[in-house]
Amino acid sequence: MGIFDGKRFFVYGNGASGRSAARAIKKHGGKAKIYTDDGGRFVAPKDGAYDGAVISPGVRPNHAVYGYCAERGIPTVGEAEIGLSIAKSSGRITVGVTGTNGKTTTTKLIADMLGGVACGNIGYPVSAAACEKSTAPIVCELSSFQLYRATLKLDVAVITNMASDHADWHGGIENYHAAKCNIAANMDGGYLVLGEDIPIRSLNMLKTKAHIVWCSSTAPTDGAYVQNGYFCFNGNRVCPVDYLRLSGAHNIKNALCAIGAAKCLNADNAAILGAMSGAVASPHRNEVVGRASGKLWIDDSKGTNVSASLAAVEQTVGTVCLILGGRGKDTDFGELFSALSPRVTSIVAMGETAQAVRDSAIRFCPELAVTVVNGLSDAVRAAAAADAETVLLSPACASFDEFKSYAQRGDRFKAEVHALMKQEQK
């Protein structure tokens, strides 16, 4: 017997998550058929009534598929919900992690602390992880796209932080924050771990029956905190802070969220210490590429919003040439420039938002040297000529004007820098 016995689903979206959801449904007794847009046009399912629809997280809220389902009373779910339903039916522990920044790092840390499987928005579908022959906890990174309509009942939910992002997709920053809060809206127990950088207005949106666990890098709290050089949890030392291999104040905060989640599930200190000391930074997140043109080059292509870019700047040393721009997400560049470190001495603005970056820089930081270019290759050449000790690619924008993903953008950046390095070796 399977949990989807006798159920018929259509899956809208033929990406990795859609295909995985279809396989998982079939493996657990149901039927599933995949549909996709035809040249941007909605393709309605043709063959009878459905018990549910699995909608890809990339499908916007105003897409015609949602109207189609509403008219026919077809419940909509996401791929992550399918996977989590399977995991819960087999008794596996489930942890969900969301936030504007730090999701991937926190998800990996928790999975390592618990001996769990990291999945979700991290690149491995939740439904695929749930179908593994394993009893290991499911630890899934969840984006706002996956959460805004989701109905989840996790054992532990984590919100690392909240800032401005994806306002264009959600129709406003309040809707974006509400989607994040939705991770815990349907919990009737368990734990909700809250990072310390969550605005009061967002905390006011939280409605949950989960027990709240707080995190603080500055003072003791009911949860995870730092005191006298140690990570602590509810009055007890867990491990020294300097065991954390990842650098930066933002990673201290990520580690606190991970410790809070792991301790709620009774992880022992040795497992937590091992995860902290073995942690490795994600690709394209403050990744040192090398030295060229007398500068240190750093790839933070994963910095797709203002708060991430500001955090990346704080991790640099010396004067900085900052490469910004790409496809905007209703990004407020004034928010960036009004908080920018004085160590940033020049800006290279690229892509669709280049002029918006330039205009905000002139308004808030008129002393900055700003160069406007078309794309990433030109940005690298302009940065090579800048008077700065470090070049940081942290665009505060999505990559989709020029690339398929932030990873592809980062790979191109590294290739351009490596080409400069080879030229200097001749």
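Remember, it's a predicted structure, so these values are computed and weren't measured experimentally.

This paragraph deals with empty space enclosed by the protein. What the rule picks out here adds up to two cavities of 30 Å³ or more. For the largest cavity, the lining is made up of 20 residues, of which Ile55, Gly78, Glu81, Phe145 and Gln146 are closest to its centre. Those elements that place two or more of their residues in the lining of the largest cavity are β4 (76-77), α3 (79-89) and α6 (144-147). In terms of residue class, the lining of the largest cavity is built from 13 nonpolar, four polar and three charged. As a volume, the second largest cavity reaches approximately 40 Å³. In terms of lining residues, the second largest cavity is bounded by Gly325, Gly326, Met350, Gly351, Ala398, Ser399, Asp401, Glu402, Phe403 and Arg409. Tallied by class, residues from the lining of the second largest cavity come to three nonpolar, four polar and three charged.

With that settled, consider the packing of helix α4 (residues 103-114) against helix α11 (residues 269-277). Taken N-terminus to C-terminus, the directions of α4 and α11 make an angle of 140 degrees; their axes are 8 Å apart at the nearest point. Between α4 and α11, the crossing angle belongs to the class labelled oblique. As α4 runs across α11, the sense of the crossing is right-handed. Contacts from Leu109, Asp112 and Met113 of α4 reach α11 at Ala271, Ile272, Ala275 and Met276.

What follows concerns the pairing of strand β12 (residues 230-233). In this structure, strand β11 (residues 223-227) lies alongside β12, joined through four bridges in antiparallel fashion. Bridge pairing in β12 places Tyr225 opposite Cys232. Hairpin remark: β11 followed by β12, antiparallel, with two residues in the connecting loop; positive phi at Asn228, about 55 degrees. Hairpin connection from β12 to strand β13 (residues 236-240): two residues lie between these consecutive antiparallel strands, with Asn234 at a positive phi of about 45 degrees.

As a further point, take the pairing of strand β3 (residues 52-55). Across the two faces of β3 the burial is the same, with Gly52 and Val54 and Ala53 and Ile55 all buried. Alignment of strand β1 (residues 8-12) against β3, held across four bridges, turns out to be parallel. Residue pairing for β3: Val11 is matched across the bridge by Val54. As judged from the two bridges shared by β3 and β4, these two strands associate in the parallel manner. In the strand pairing of β4, Val54 is matched with Val77.

Our next topic: the pattern of salt bridges. Applying the stated criterion to the full structure yields 13 salt bridges. A salt bridge links Glu287 to Lys414; its shortest N-O distance comes to 3.3 Å. Pair noted here: Glu287 is in strand β14 (residues 287-292) and Lys414 is in helix α16 (residues 406-425), with a separation of 127 residues, a long-range link. Classification of Lys414 by relative accessible area gives buried; the value is 16%. In the salt-bridge network here, residues are joined through shared partners; they are Glu196, Asp197 and Lys253.

This part takes up the packing of helix α1 (residues 16-27) against α3. Across the interface, α1 lies against α3 with an axial gap of 9 Å and an inter-helix angle of 35 degrees. Where α1 crosses over α3, the handedness of that crossing is left-handed. On the side of α1, the interface is formed by Ser17, Ser20, Ala21, Ala24 and Ile25, while α3 contributes Glu79, Ile82 and Ile86. Tallied by class, the residues present in the contact of α1 with α3 amount to five nonpolar, two polar and one charged.

Let us now look at the sheet that holds strand β6 (residues 117-120). Taken together, nine strands build an open sheet; the order of strands is β6-β7-β5-β8-β9-β10-β11-β12-β13 and the sheet is mixed. What marks the edges here is a single partner per strand, and that holds for β6 and β13. Within this sheet the neighbouring strands show an average axis-to-axis angle of 20 degrees, counted without direction. Relative to strand β7 (residues 138-141), strand β5 (residues 94-98) is paired through four bridges, and the arrangement is parallel.

With that settled, the discussion passes to the side chain of Ser377. With respect to the helices, strands and loops of the structure, Ser377 is situated in helix α15 (residues 376-384). A polar contact of 2.6 Å, which involves the side chain of Ser377, links it to the side chain of Glu416.

Conventions we followed
Residues numbered from 1 in each chain as written. Predicted model: local features only at pLDDT ≥ 70, side-chain atom pairs only at ≥ 80, totals over all residues. Heavy atoms only, no water. 1 Å grid on protein atoms, 1.4 Å probe; cavity = no way out; pocket = protein on both sides within 12 Å on 5 of 7 lines; lining within 4 Å. Points joined across faces, edges and corners; volume = space filled by probe spheres on them. Helix = DSSP H or I, 4+ residues; strand = E, 2+ residues; numbered from the N terminus. Nonpolar A, V, L, I, M, F, W, Y, C, P; charged D, E, K, R; others polar. Axes fitted to C-alpha atoms, helices over the stretch in contact; angles between N-to-C directions. Parallel < 35°, antiparallel > 145°, perpendicular 65-115°, else oblique. Left-handed = near helix turned anticlockwise from the far one by under 90°. Contact = heavy atoms within 4.5 Å. Pairing = 2+ DSSP bridges. Buried < 20%, exposed > 50% of the residue type's maximum accessible area, 1.4 Å probe, protein only. Salt bridge = Lys/Arg side-chain N within 4 Å of Asp/Glu carboxyl O. Polar contact = N/O pair within 3.5 Å; in protein donor to acceptor, adjacent residues only side chain to side chain.

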